[in-house]
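Structural overview for review
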Amino acid sequence: MREFIVEADGGSRGNPGPAGYGSVVADAATGQTLVERAEYIGIATNNVAEYKGLVAGLRAARELDPTASVRVRMDSKLVVEQMSGRWKIKHPDMKPLAAEAARIFPASQVTYEWIPRERNKHADRLANEAMDAGKRGEQWSPSASTAELDARTTTAGPPEPSGPPGDAAAGAARARAALAGARDHTAPSAAPASGAPLQGREERRAQPTGTRDSTTSDTAPPPGGDTEPSAAPAPGAPLQGRGELRAQPPATRGSTTSESARPPGGDAATSEADRRAARTVAAATGTAGTAAPAEGKAPTVGWGAAPDMGAPATFVLLRHGETLLTPQKRFSGSGGSDPSLSDVGREQAERVAAALAARGTIQAIVASPLTRTRETAGAVAARLGLDVVIEDGLRETDFGAWEGLTFGEVRERYPDDLNAWLASPKAEPTGGGESFAATARRMAATRDKLIASYAGRTVLLVSHVTPIKTLVRLALGAPPESLFRMELSAASLSAVAYYADGNASVRLFNDTSHLR
């Protein structure tokens, strides 16, 4: 059963006065924000706005999964105690709202928890955004919302990580922060009129707030294996410096982004600005990662390459559909129970098969030997009328004694081994599992073998999280820690093209549009 966190809040500038609510639905396992809701509701009291926020949050959670369990967290002691049945509901405006909230999910699926105001800042920011929009005569727009970013940037410090380092939501938040910083340098922000008073929940914005609970923080990531570690390394984990990486020639073929490449004619005196400009042009033209030619000689790759290198070998990379272990965020490699697809996973396989049939570009199918990949590949093969070739090199990493465990269970049982694994690609999981470095060697050999076998053809490779991420990493010439900075969903599609000159081009990553 999935578990959601619903955080809700409401406010009134005047009590009663212009009011609005905000609601957030997050995945309880990862902390990832799934839905944001906010609305200006006109003249109302704080408590009515809070109840409306609760109703909106519960409805959003039900739309995601009516069978899920829900933990409601609010800073309104009144709402929490009344909905828990410990306090009576006397106010006539709140009785129908409480009854409406109680009907959305069966009572056995919902629990209520009071939290301090500083731990409910995301929903609070949404409520304030809704009230601000109402003041302008507009409705709140999710595309213009910065509530999640505002909530995070006012946090006193990062929450204690509860899973592998970072996740996609945290990465997205950092990107939004960078964009917001750029906007701050180019355009002045609107300010209230001089001397204008702040009332009600508006006052909260100016108050510093503490760290959010780690169970809903966007930096609480999903675990590894087929549920992939997906962002930045753990705090304190030693990483090879990017400066060291730049000084080394790429160790793998197919690199397209090496920063050690210098612009033609460059020398030790070239300015940093010139080098940055050259890298930008190289990235835009597809010549990044190529060696600078000797003076007077044309480059042999990029724009200066032979006019026709032939069609590339294109690998369309399909991660298998969900198993029962996938939503539970358990390590699931090649040394575990070899689970089959769940009902959800089989539906995902059928959808991706239909999408690939509509594209009509796949010429061959190669799959990992594990059950979940063979079943996913079989669904596609049946739709396309192709056979499935089994390739052992596409199997998932072996996670040793961690197989079947959650990240939290591994941290509790094998903390030293886990910390070593997070810090170094050469470290193996407990019990003789496979290191990321060993997986990379296996994947490089498998890649070269398949390129030779399927030169100029478009091939579907049905594999797992770590092998697919590794192929993308090698194509980009990225460092090993980049594995923690990618998110790869079940039944997602990615694509890499490999050219005759040894270069690679990442064409697609983590496409899930066919599942919507």
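Before reading on, note that the structure itself is shown above.
Here we summarise the structure given alongside this text. Quick caveat: nothing in here was measured; it's all calculated off a predicted structure.

Let's talk about the overall build of the chain
Each helix and strand in the chain was counted, giving 14 helices and 11 strands. Burial analysis of the chain (516 residues in total) assigns 48% to the buried set. Relative to all contacts within the chain whose residues are 6 or more apart in sequence, the contacts with residues 24 or more apart total 75%. Entry remark: accessible area of the chain is about 23,500 Å², with carbon and sulfur atoms responsible for 53%.

Considering the sheet that holds strand β9 (residues 458-463)
Judged by pairing direction, the sheet is mixed, and its six strands sit side by side in the order β8-β7-β9-β6-β10-β11 without closing on themselves. Bordering the open sheet on either side are β8 (388-390) and β11 (504-511), each of which pairs with just one other strand. Geometrically, the sheet is characterised by an average inter-axis angle of 20° between neighbouring strands, direction not taken into account. Taken together, the three bridges between strand β7 (residues 364-367) and β8 define a ladder with parallel strand orientation. Looking at the pairing, Val-366 lines up with Val-389 of β8. Contacting β6 (313-319), β7, β9 and β10 (493-498), helix α13 (residues 436-453) crosses the sheet at an angle of about 130° to β6.

Here's the deal with the pairing of β6
Across the seven residues of β6, seven count as buried, placing the element largely inside the fold. On β6, burial covers both faces: Ala-313, Phe-315, Leu-317 and Arg-319 on one face and Thr-314, Val-316 and Leu-318 on the other are all buried. As defined by bridge partners, β6 adjoins β10 across six bridges and the pair is classed as antiparallel. The partner of Thr-314 across the bridge, within β10, is Ala-497. Across six bridges, β6 lies against β9 in parallel orientation. Paired with Arg-319 across the bridge in β9 is Ser-463.

Some details on the pattern of salt bridges
Counted by the stated rule, this structure contains 20 salt bridges. The residue Lys-449 makes a salt bridge to Glu-391 at a minimum N-O spacing of 2.9 Å. Of the two residues, Lys-449 is situated in helix α13 and Glu-391 in the loop between β8 and α11 (407-413); the sequence distance between them amounts to 58 residues. Members of the salt-bridge network, linked through shared partners, are Lys-77, Glu-81 and Arg-86.

Overview of the packing of aromatic side chains
Counting across every chain of the model gives nine aromatic pairs. A ring pair is formed by Trp-402 and Trp-421, whose centres lie 5.2 Å apart and whose planes are at 90°; its orientation type is edge-to-face. With a gap of 19 residues between them, Trp-402 in the loop between β8 and α11 and Trp-421 in helix α12 (residues 415-423) connect regions that are remote in the sequence. Taking the relative accessible area as the measure of exposure, Trp-402 reaches 0% and is therefore buried. Centroid distance Phe-436 to Phe-484: 5.9 Å. Interplanar angle 75°. Geometry classified as edge-to-face. Taken as a pair, Phe-436 in helix α13 and Phe-484 in the loop between α14 (465-476) and β10 lie far apart in primary sequence, 48 residues in all. Comparing Phe-436 with Phe-484, the two get one shared label, buried.

Looking at the sheet that holds strand β3 (residues 33-44)
An order of β3-β2-β1-β4-β5 is seen for the five strands of this open sheet, with the pairing classed as mixed. For this open sheet the edge positions go to β3 and β5 (110-114), each flanked by a neighbour on one side alone. Averaged over all adjacent pairs, the angle separating strand axes in this sheet is 20°, with direction ignored. Where strand β1 (residues 3-12) lies against strand β4 (residues 69-74), five bridges are found, and the strand directions are parallel. Paired with Glu-7 across the bridge in β4 is Arg-73. Lying on the sheet, helix α1 (residues 46-64) is in contact with β1, β2 (17-27), β3, β4 and β5; it crosses β1 at an angle near 155°. Helix α4 (residues 121-135) contacts β1, β2 and β3 of the sheet and is inclined by roughly 140° relative to β2.

A word on the side chain of Thr-397
Within the secondary structure, Thr-397 sits in the loop between β8 and α11. Here Thr-439 takes part through its side chain, which lies 3.0 Å from a polar atom of the side chain of Thr-397. Filtering out sequence-adjacent residues up to four positions away, Thr-397 remains in contact with Gly-333, Ser-334, Glu-403, Glu-434, Thr-439, Arg-442 and Thr-466.

Overview of the packing of helix α9 (residues 343-359) against helix α10 (residues 371-384)
Between α9 and α10, the shortest axis-to-axis distance is 8 Å and the interhelical angle comes to 40°. Considering only the axes of α9 and α10, their crossing is right-handed. For the pair α9 and α10, the contacting residues are Ala-349, Glu-350, Val-352, Ala-353, Ala-354, Leu-356 and Ala-357 in the first and Thr-376, Ala-379, Val-380, Arg-383 and Leu-384 in the second. Partitioned by chemical class, the residues of the contact of α9 with α10 number nine nonpolar, one polar and two charged.

Reading guide: rules and limits
- Residues numbered from 1 in each chain as written.
- Predicted model: local features only at pLDDT ≥ 70, side-chain atom pairs only at ≥ 80, totals over all residues.
- Heavy atoms only, no water.
- Helix = DSSP H or I, 4+ residues; strand = E, 2+ residues; numbered from the N terminus.
- Buried < 20%, exposed > 50% of the residue type's maximum accessible area, 1.4 Å probe, protein only.
- Contact = heavy atoms within 4.5 Å.
- Areas by Shrake-Rupley, 256 points an atom, 1.4 Å probe, with all protein chains shown as cover.
- Pairing = 2+ DSSP bridges.
- Axes fitted to C-alpha atoms, helices over the stretch in contact; angles between N-to-C directions.
- Salt bridge = Lys/Arg side-chain N within 4 Å of Asp/Glu carboxyl O.
- Phe/Tyr/Trp six-rings, centres within 6.5 Å; stacked < 30°, edge-to-face > 60°.
- Polar contact = N/O pair within 3.5 Å; in protein donor to acceptor, adjacent residues only side chain to side chain.
- Left-handed = near helix turned anticlockwise from the far one by under 90°.
- Nonpolar A, V, L, I, M, F, W, Y, C, P; charged D, E, K, R; others polar.

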